[in-house]
Amino acid sequence: MAGIGFAPALLFHSKAVFDGITPSTKITPVGFTRMLLDNSKPNIVSSGIDDGSGHIKDVRVKYRTRLPKGKSATTDNCDIDARPAYNEVTVAASMFRKYAVMLEDDVIARYEKEASGLMNPIGTALSGVTPLMTEQWEVIMETINGLMQDMNDDLVVKQVANFGKNQTTGAATAKAVNFPLSAIVNDLTSGMTSVMADARLNEMDISKSFIVGSGLIDAYYIQQNAAAISANQAGVNSNRLALPKYYNDFDCDNAWGTNEFGIFEKNAVQLIDINRYVGFKAGMKGGDFFGTLTVPVMDAQGNMSSFTFDIQLTYIKCPTELVIASEGDRAIKVNRGWALIISKSFDSFNIPADAYDAADRLTGNNGTLRYVATNA
């Protein structure tokens, strides 16, 4: 067996050896996606686009601006001051990610017999597809990290152009905020005090807001777990600050900038979560199985969430040649076996940039603010 690259005893025991830190199934933290998943359910936008029937529709959201300061009249008359009208924006899911693998029957036959056993693990939901082989489940779990990372990166990159204006600067670019090295002087214009004060000025409910980022902001939140229970030399007990819930996300460093982070009011950004293989599109179609798979996702920092993917199972009935990307995009001869395609259609939707009147103090604000942290 060793001559053809298979070592059954080692393969059988590898997960027991590495336990919860098995590299192939470790999930990198995807804080931005987790923040979106933690928004209110049901997601009205997503359920409008995908109602579970298999029919995917565009959704138009209508909205009006609030009356800004300085527009009301000071005289008692019957003059009409305005004729309220709705603005509209179309929401559609335009992002897509997929990964496909093939498991040949002859290869699975060389593993322990458990590899071909059928299973539907507790905590998962499989719809439209018969139970999968253990080896197929293993491949799915090994694939999820890459898919979730790519999806999260797409969402984080899109957010770059969708941060709202900060009322304190009049710009949507990252505002510098310093977390001082010294705690001797009580600086009211720095650190988390400054961020929370900005949130108030931008009329955000800090108790229902989230922070996503990495770098110095991550280190700040790590320190809070060990912050003194009494006041520091400046008379401030940081443990008493009503800090927003924090989500660590390594993708922010590349997409937004080193030490950048964002603060998001709950529901200001919506995840567009589309399941294509549901309703009349689920089940066996032309010999292929189409369905959805909901799996629990626990990242490397112990954060648990769940996510639903579309899956397609195609049986390769005869030995043939397939172009395989990992083999240099060249045709490779394969034998009979299952091709498994796991995919996701998704997007994000921000409060529109013109949700406030041009004369409003919050014009350009959309419940999201961007910062860059320093430590001097």
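Scroll up a little and you will see the structure.
About the cut-offs
- Residues numbered from 1 in each chain as written.
- Predicted model: local features only at pLDDT ≥ 70, side-chain atom pairs only at ≥ 80, totals over all residues.
- Heavy atoms only, no water.
- Helix = DSSP H or I, 4+ residues; strand = E, 2+ residues; numbered from the N terminus.
- Expected span 1.5 Å × (residues − 1).
- Bend = angle between axes of the 7 residues up to and from the residue.
- Core = buried A, V, L, I, M, F, W, Y, C linked by side-chain atoms within 4.5 Å.
- Buried < 20%, exposed > 50% of the residue type's maximum accessible area, 1.4 Å probe, protein only.
- Contact = heavy atoms within 4.5 Å.
- Pairing = 2+ DSSP bridges.
- Axes fitted to C-alpha atoms, helices over the stretch in contact; angles between N-to-C directions.

### Remarks on helix α5 (residues 134–160)
Argument step 1. Here α5 contains 27 residues, and its C-alpha end-to-end distance of 40 Å stays within 8% of the 39 Å for a straight helix at 1.5 Å per residue.
Argument step 2. Approximately 30° is the largest bend angle found in α5, and it occurs at T143.

### Observations concerning the nonpolar core
Argument step 1. Ranked by size, the top nonpolar core spans 39 residues in total, and within it F32, M35, I144, V212, W256, F264 and F309 carry the most contacts.
Argument step 2. Counting only elements with at least two residues in this core, the list comes to α2 (31–37), α5, β8 (209–213), α8 (251–255), β11 (269–274), β13 (288–298), β14 (304–316) and β17 (337–350).
Argument step 3. With eight residues, α5 is the single largest residue contributor to this core.
Argument step 4. Apart from the residues lying within four places of it in its own chain, the contact partners of F309 are I144, L147, M148, M151, G291, T292, L293, V295, I342, S343 and K344.
Argument step 5. Counting residues in hydrophobic clusters, the runner-up holds 18 residues, among them M192, F261, I263 and Y371.

### Digging into the side chain of D218
Argument step 1. Its location among the elements puts D218 in helix α7 (residues 216–224).
Argument step 2. Setting aside its immediate chain neighbours within four residues, D218 contacts Y246 and N248.

### Section: the sheet that holds β8
Argument step 1. Ordered in space as β7-β18-β10-β8-β9, the five strands form an open sheet in which the pairing is mixed. The open sheet has two edge strands, β7 (175–178) and β9 (245–248), and neither has a second partner. Across the sheet, the axes of successive neighbouring strands diverge by a mean angle of 30°, strand direction being ignored.
Argument step 2. Of the strand pairs in this sheet, β7 and strand β18 (residues 368–374) are connected by four bridges, and their pairing is parallel. Each bridged residue has a counterpart across the sheet, and for K175 the counterpart in β18 is Y371.
Argument step 3. Where helix α6 (residues 191–201) meets the sheet, it contacts β7, β8, β10 (260–265) and β18, and its direction lies at approximately 140° from that of β7.

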